[in-house]
Amino acid sequence: MDASLLTENLSYILPEIVISAALIIIVLFDLIFHNDKRIIPYLAVAGLAVAGFFIIDQFSFEGSAFATSSSANNFGMITVDNFGSFFKLFVVCVSILIVFFSFSSEEIQKTFDRLGEYYALIFGMILGMIILVSASDLILIYLALELLSLSSYVLAGFTKLRDRNSEASLKYLIFGGVSSGLMLFGISIIYGMTGTTNLYLINPLLQAPNLNLITVSFAMILIFTGIGYKISSAPFHFWTPDVYEGAPIVITAFLSVASKAAGFALLIRLIKTTFVTFTSPDGYWQLINAFDWQALLIIISIFTMTLGNFTALWQNNLKRMLAYSSIAHAGYLLLGLVVMSDQGLTAILIYFVFYALMNLGAFYIIMLIANKTGSEEIDDYTGLGSAAPFLGVSLAIFLVSLTGLPPTAGFIGKLYIFIALVDAKMIAVAIIALLNTVVSLYYYVRVLKHMYLQKSDSPKDAILPSTGQILFILILLVPTLLFGVYFTPIVTFAKNSISLLGF
Amino acid sequence: MENSQLLTYLLFTPIVGSLIILFIKPDQEKLIRWMGVFISGVAFVISMIIYVAFDSSNPAFQFIHKVLWIESLNVSYHVGIDGISLLLVMLTTFLTPLTLISSWKGITKQVKMFTFSMLFLQAGMLGVFIALDMFLFYVFWEVMLIPMYFIIGVWGGVERIYAAVKFFIYTMFGSLLMLVAIIWLAVYASEPLGYFTTNLLELYQVGPTIPNEIQYYMFMAFFFSFAIKVPLFPLHTWLPDAHVQAPTAGSVILAGVLLKMGTYGLLRFNLPLFPQSSVHFAPFISILAVIGIIYGALVAMVQSDMKKLVAYSSVSHLGFVVLGIFAFTTESLQGAVIQMVNHGLSTGALFLLVGFIYERTHNREISYYGGLAKLVPFFAFALLFTSLSSIGLPGLNGFIGEFLILVGSFQSQVLDSWWFTIFAASGVIFAAVYLLWMYERVVFGKVTNPKLEGLTDLDAREMFVLIPIFILIVWIGIYPSTFLDISDTSVKTILDNVINNTYNFFS
């Protein structure tokens, strides 16, 4: 590879380079300046901001980098397109929020002396995620997934304060290890059949007439295992409740939003570049007849949301309840993919933006309350509406939004998913989804019921958030309400972000 | 039209008002109460201005205000009213200040949040009645659930939490079905129209052209949602819980306005959008309505709790409205519309009276009372007057509505059977039985319960709440044309549309 080509290729991965550099700077800074750990979060934000700048710079630019000599058409291992940039920007924005989130986390502040490690691991996750959303080579995908997973295993048990932390970490590791092993097996089968690991090159080979469809299906199910585990879809969700409950709330929030988004981005890219031949003018994808993704995804999504919602009904720990609720949301999100259309993909992107706002908001308030009361049990929320008026109202709005009631952003997210489903004439599936929403109403409203309708036996101490905390909540709360009544910018942004390289 | 922003002013009066209330300190209860009455009073004045400027001979929607809201979905903020909406808008603006005044004594905790919720609720109800865009309609329809949930759940009776959750989940289930149907309709209509829209007036053009096998499903989805709200037998089970547990003001608004949203929805959406299905399902729905009339009355008869009795009587009375709608004659539809108003007034007044006496004794059991005529003569008279109005005594409002519905259903070509009228008419008799029987046990006889000694009669504030309602009850009873004229043209427009689209059936 000559120098000019290398420079050009490197320019494609500027955001990744910035994140790697920030990771190294954080580690070095931590080693050299032991006493100035306070500065590390700001370094992290600065690194993320620079990466964000380069990502925005890459918008409406398409290209493929690091092509091996054998690959025709110059399709390489890294793809830069609007779809990838959208998810990179999403991950970076969520990460910035997570840094501020960590400021208020007592769990993280208690381990202040290890702050450098904490942010190094967070950046490991971020790097894994942004490579994952732009990788178009199975090997690179696997490596990015492992980088993401390994960092998150450690973070899940980072605080070491309680046994639950270590339990969460270990469970996460075991489940993750098994599913990534299965995924690697699937990848090896695909490589054996096609002789390449590049998604773009696999596509034409899958259209060969004498293809063994059973083997392809087998391999794809194995690969889906690895992705299903990342997006916590049933039946690969078993780790979710335990890890979400055991991990520090910051990490739970991060996993439930960013890591899930990266998993979805991977799934979408895999399906679209490997299995779609062309997109019809009305936005529907024509799939290669090698593997029936639609059937698999319908079953998985219905199973996921039903299981998530019904199990959430019985939860008394709010973190655990939100874990099941995030499983259910994975199910709703999968519905956007089930329709295999541009409308569905737009709906997923819109949903992710809103989901990030409301889910982070809900977790943040639960953390603030847990900081004071030391509990996430729903019984301890009784009468909280009067003890913590601002937190109570904000949590109520986030939960209403998670339910999907107007005039909140959550409603708009669901609305677009429903529109995509009805447009694809999948009305039965839409009705199953709405029945699920009714079920979810019950457990979200149950929190409101405890906060506002039930009287507590003992008077509660007032919980007053600091100015910074109020500001952070408002950053999430105002858009949650605003996008409920005016969401055109987000929709436009999402519509511009569905283009994948080559499609 | 030049006054086209009046409806927006009307809608935003309670919204802005509720926000103002948020900024008053919670301990300024008196100020908050007066603010609430003042704001809802302003809304009433605006609705009166609209009434004066309204042209009831014009079949089109009036006071239309349309602003493009969401480009990507082609959704507009689009409001406008016809005669039917105007009546219900006036009912809403009329009842809200009265209920606020009525709750001055009953609601003592968290007055600020209560007033806020009531005004927010009013905005939601007005929005439902004036929205001409399905998306906007759905938003208001859902937004209303949250304040109502809190009104029942925070200020309600002993079983309030159960009732609030049940109310929420029941209604939510129905409205989500409607959401799917709205999307389905809009997606379906985007083919003949060439673009996606949720504009009701444009969808009116497409609805009747949908082939029956699809239309039936869409009709059922809308119908199901509205039937839960009405509530139509057998979907009524949330109603007794919610009505009984809600505070007086909540019950009045629930019975007076919220239930009307269901029947209004049938008139505004089901009939014009799906005329073929409406006629197709009319006999089936009318059977449910008649069952509801009789079932509600019979269950009301055996209640020992006054508030429950009134709650079940709502099931019965709303059955009349639904029967009137699906009989498809001018008389029956006019009767249904005026009966919506009547029920709001009479049942609202009944709930108020039960609430007033409950505030004094903290007991709603019929057997607890007896001989109230001697103790509280004004109350006794008011209860008699309201009961008679609810029964349908000629000269009072209930008679007009029920008479028109019965006459209309008797002539109905769609139902084509006298049995509907005959069975429904028995509901009137049952109503006389349960209300007068309750009246006898509560008001007549000797004072058997020593705790009732020293009971005070209605005070000036309570009279002030009741007298406007009574004036309207007599007004509608004696000279109903004032009100029938408002909705006459609109009802005929809806009916003509149904007849034109189901020509084979009516010829």
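Residues numbered from 1 in each chain as written. Chains lettered and ligands numbered in written order. Predicted model: local features only at pLDDT ≥ 70, side-chain atom pairs only at ≥ 80, totals over all residues. Heavy atoms only, no water.

Draft legend 1. Seen up close, the pattern of salt bridges. Residues and elements named next belong to chain A. If you walk through the whole model with that rule in mind, you get 14 salt bridges over all chains. The salt bridge involving Lys88 is made with Glu16; its shortest N-O contact spans 3.5 Å. Remark: Glu16 occurs in helix α2 (residues 14-32) and Lys88 occurs in helix α4 (residues 82-103); sequence separation between them is 72 residues. Classification of Lys88 as buried rests on a relative accessible area of 1%. Note that Lys171 is salt-bridged to Asp242, the shortest N-O span being 2.9 Å. With Lys171 in helix α8 (residues 163-194) and Asp242 in helix α11 (residues 239-246), this residue pair connects regions lying 71 residues apart in the sequence. Connected through salt bridges with shared partners, the residues Glu167, Lys171, Asp242, Glu245 and Arg320 form a single ionic network. (Salt bridge = Lys/Arg side-chain N within 4 Å of Asp/Glu carboxyl O. Helix = DSSP H or I, 4+ residues; strand = E, 2+ residues; numbered from the N terminus. Buried < 20%, exposed > 50% of the residue type's maximum accessible area, 1.4 Å probe, protein only.)

Draft legend 2. Main features of the confidence of the model for chain B. For chain B, mean pLDDT is 86; residues scoring 70 or higher make up 99% of the total. The least confident element of chain B is helix α21 (residues 503-506) of chain B, whose mean pLDDT is 71; the most confident is helix α5 (residues 134-143) of chain B, at 90. (pLDDT = per-residue confidence, 0-100.)

Draft legend 3. Main features of the domain arrangement of chain A. Residues and elements named next belong to chain A. Once the domains are mapped, chain A shows domain 1 (1-178 + 234-265) and domain 2 (293-503). Centre-to-centre, using C-alpha coordinates, domain 1 lies 23 Å away from domain 2. Across the contact, 41 residues belong to domain 1 and 40 residues belong to domain 2. Buried surface at the junction of domain 1 and domain 2, both sides included, amounts to about 3,600 Å², of which 75% is carbon and sulfur. (Domains from an automatic or database assignment. Contact = heavy atoms within 4.5 Å. Buried area = accessible area lost by both parts, 1.4 Å probe.)

Draft legend 4. Seen up close, the packing of α4(A) against helix α15 (residues 342-373) of chain A. Residue and element names in this part refer to chain A. Where α4 contacts α15, the axes come no closer than 12 Å and their chain directions differ by 5 degrees. Put simply, α4 runs roughly parallel to α15. Along its contact with α4, which presents Phe83, Phe86, Phe87, Phe90, Val94, Leu97, Ile98 and Phe101, the element α15 presents Leu345, Leu349, Phe352, Val353, Ala356, Leu360, Phe363, Tyr364 and Met367. Of the residues assigned to the contact of α4 with α15, the class counts are 17 nonpolar, no polar and no charged. (Axes fitted to C-alpha atoms, helices over the stretch in contact; angles between N-to-C directions. Parallel < 35°, antiparallel > 145°, perpendicular 65-115°, else oblique. Nonpolar A, V, L, I, M, F, W, Y, C, P; charged D, E, K, R; others polar.)

Draft legend 5. Region of the structure containing unusual backbone geometry. B:Val230 connects to B:Pro231 through a cis peptide bond whose omega is -10 degrees. The linkage connecting B:Phe233 with the following residue, B:Pro234, adopts the cis geometry, with an omega of 0 degrees. The topology assignment puts B:Pro234 in the loop between α9 (212-229) and α10 (238-245). Its identity as a non-glycine residue notwithstanding, A:Met340 has a phi of 50 degrees, on the positive side. Classification of A:Met340 as buried rests on a relative accessible area of 3%. Its identity as a non-glycine residue notwithstanding, B:Asn74 has a phi of 55 degrees, on the positive side. Here B:Asn74 shows up in the loop between β1 (62-70) and β2 (75-81). B:Asn74 gets classed as partly exposed once you look at its relative accessible area, which sits at 26%.

Draft legend 6. Focus on the pairing of strand β3 (residues 276-279) of chain A. Residue and element names in this part refer to chain A. By the bridge criterion, three bridges tie β3 to strand β4 (residues 285-287) in an arrangement that is antiparallel. Across the sheet, Val276 pairs through a bridge with Leu287, a residue of β4. Linking two consecutive strands that pair antiparallel, namely β3 and β4, is a turn of five residues; a positive phi of about 95 degrees is found at Gly283 within it. (Pairing = 2+ DSSP bridges.)

Draft legend 7. Helix α12 (residues 275-301) of chain B, seen in detail. All names here are of chain B. Its 27 residues place the ends of α12 37 Å apart at the C-alpha level, agreeing with the 39 Å of an ideal helix rising 1.5 Å per residue. Remark: the principal bend of α12, roughly 55 degrees, maps to Ala282, with a proline, Pro283, within the next four residues. When you tally the buried positions in α12, you get 20 out of 27 residues, the bulk of the element. (Expected span 1.5 Å × (residues − 1). Bend = angle between axes of the 7 residues up to and from the residue.)

Draft legend 8. How the structure looks around the layout of surface pockets. Taken as a whole, the second largest pocket encloses approximately 650 Å³ of empty space. As for the second largest pocket, its lining consists of 22 residues, and the residues nearest its centre are A:Gln343, A:Ile419, A:Asp423, B:Val187 and B:Phe196. Going through the elements one at a time, α15 and α18 (409-423) of chain A together with α7 (160-193) of chain B are the ones with two or more residues in the lining of the second largest pocket. (1 Å grid on protein atoms, 1.4 Å probe; cavity = no way out; pocket = protein on both sides within 12 Å on 5 of 7 lines; lining within 4 Å. Points joined across faces, edges and corners; volume = space filled by probe spheres on them.)

Draft legend 9. Representation of the nonpolar core in the model. Ranked by internal contacts, the top residues of the largest apolar core, which has 412 residues, are A:Trp293 and B:Phe326. Looking at which element gives the most residues to this core, the answer is α15(A), with 23 residues. Taken domain by domain, this core gets at least three of its residues from each of domain 1 (1-178 + 234-265) and domain 2 (293-503) of chain A. Discounting residues that sit within four places of it in the chain, B:Phe326 has contacts with B:Phe219, B:Phe223, B:Leu266, B:Leu271, B:Ser278, B:Ala282, B:Ile285, B:Ser286, B:Val414 and B:Leu415. (Core = buried A, V, L, I, M, F, W, Y, C linked by side-chain atoms within 4.5 Å.)

Draft legend 10. View of helix α16 (residues 377-391) of chain B. Residue and element names in this part refer to chain B. Look at α16: 21 Å from first C-alpha to last across 15 residues, which is about the 21 Å you get at 1.5 Å a residue. Considered for burial, the residues of α16 that qualify are Phe379, Ala380, Ala382, Leu383, Phe385, Thr386, Ser387, Ser389, Ser390 and Ile391. Looking at the buried side of α16, the elements it contacts are α13 (306-325), α14 (330-361), α15 (372-375), α17 (397-411), α18 (419-443) and α19 (460-478). Just past α16, the residue Gly392 takes up positive phi, approximately 105 degrees.

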